[in-house]
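Breakdown of the fold
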Amino acid sequence: MPILAAFQLYPHVTAFAGVASVAVYISAAVASATAPDWVYLLAHASFIAMSSLCCVVFSALQRSRVATIDALVPRQATFALS
């Protein structure tokens with residue numbers, strides 16, 4: 001889910017999706033097992049959290065790139081007309 005949210009170019013939405021994914025993963029794993037393997041559970045949860053953090057950075061980078069391109073388009077249009 002965080003990977004799909006990263007393409008929306010809203011880092012806060014991507015961060016929310018990442019936090020929600022980690023919370024749902026942990027709660028589902030704890031609810032489904034009588035004695036969960038905490039090392040395994042926390043390792044996978046930290047992997048999801050790190051992936052989510054990378055997605056937030058990617059989303060912010062893409063948003064910055066789109067904003068830069070958006071700012072350059074009017075300058076290029078006036079340059080092409082002259």
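Notes on the structure in this doc start here.

What follows deals with the overall build of the protein. In terms of helices and strands, the protein carries 3 helices and 0 strands. The linear arrangement of helices and strands in the protein, starting from the amino end, is α-α-α. Relative to its full complement of 82 residues, the protein shows a buried share of 20%. Taking all contacts inside the protein whose residues are at least 6 apart in sequence as the whole, residues at least 24 apart take part in 52%. Entry remark: accessible area of the protein is about 6100 Å², with carbon and sulfur atoms responsible for 75%.

Glancing now at a nonpolar patch on the surface. Residues Val30, Trp38 and Leu42 make up a contiguous nonpolar surface patch of roughly 290 Å² in combined accessible area. Tracing the backbone shows Trp38 in helix H3 (residues 38-81). Under the relative-accessibility criterion, Trp38 is labelled partly exposed at 47%.

This next bit is on the environment of Ala20. Along the chain, Ala20 turns up in helix H2 (residues 11-32). According to the relative accessible area criterion, Ala20 is partly exposed, its value standing at 30%. Sequence separation of Ala20 and Ala49 is 29 residues, and the distance between their C-alpha atoms is 10.0 Å.

Turning next to the state of the cysteines. Tallied over the entire structure, the rule returns 0 disulfides. Looking at the unpaired Cys54, the closest cysteine sulfur is the one in Cys55, lying at 7.0 Å. Exposure remark for Cys54: the relative accessible area of 53% places this residue in the exposed category. Under the relative-accessibility criterion, Cys55 is labelled buried at 10%.

Rules behind the numbers
- Residues numbered from 1 in each chain as written.
- Predicted model: local features only at pLDDT ≥ 70, side-chain atom pairs only at ≥ 80, totals over all residues.
- Heavy atoms only, no water.
- Helix = DSSP H or I, 4+ residues; strand = E, 2+ residues; numbered from the N terminus.
- Buried < 20%, exposed > 50% of the residue type's maximum accessible area, 1.4 Å probe, protein only.
- Contact = heavy atoms within 4.5 Å.
- Areas by Shrake-Rupley, 256 points an atom, 1.4 Å probe, with all protein chains shown as cover.
- Patch = residues over 30% accessible without salt bridge, like charges linked within 9 Å, V, L, I, M, F, W, Y side chains within 5 Å.
- Salt bridge = Lys/Arg side-chain N within 4 Å of Asp/Glu carboxyl O.
- Disulfide = S-S within 2.5 Å.

Everything listed here is a matter of coordinates, which is why it stays silent on function.
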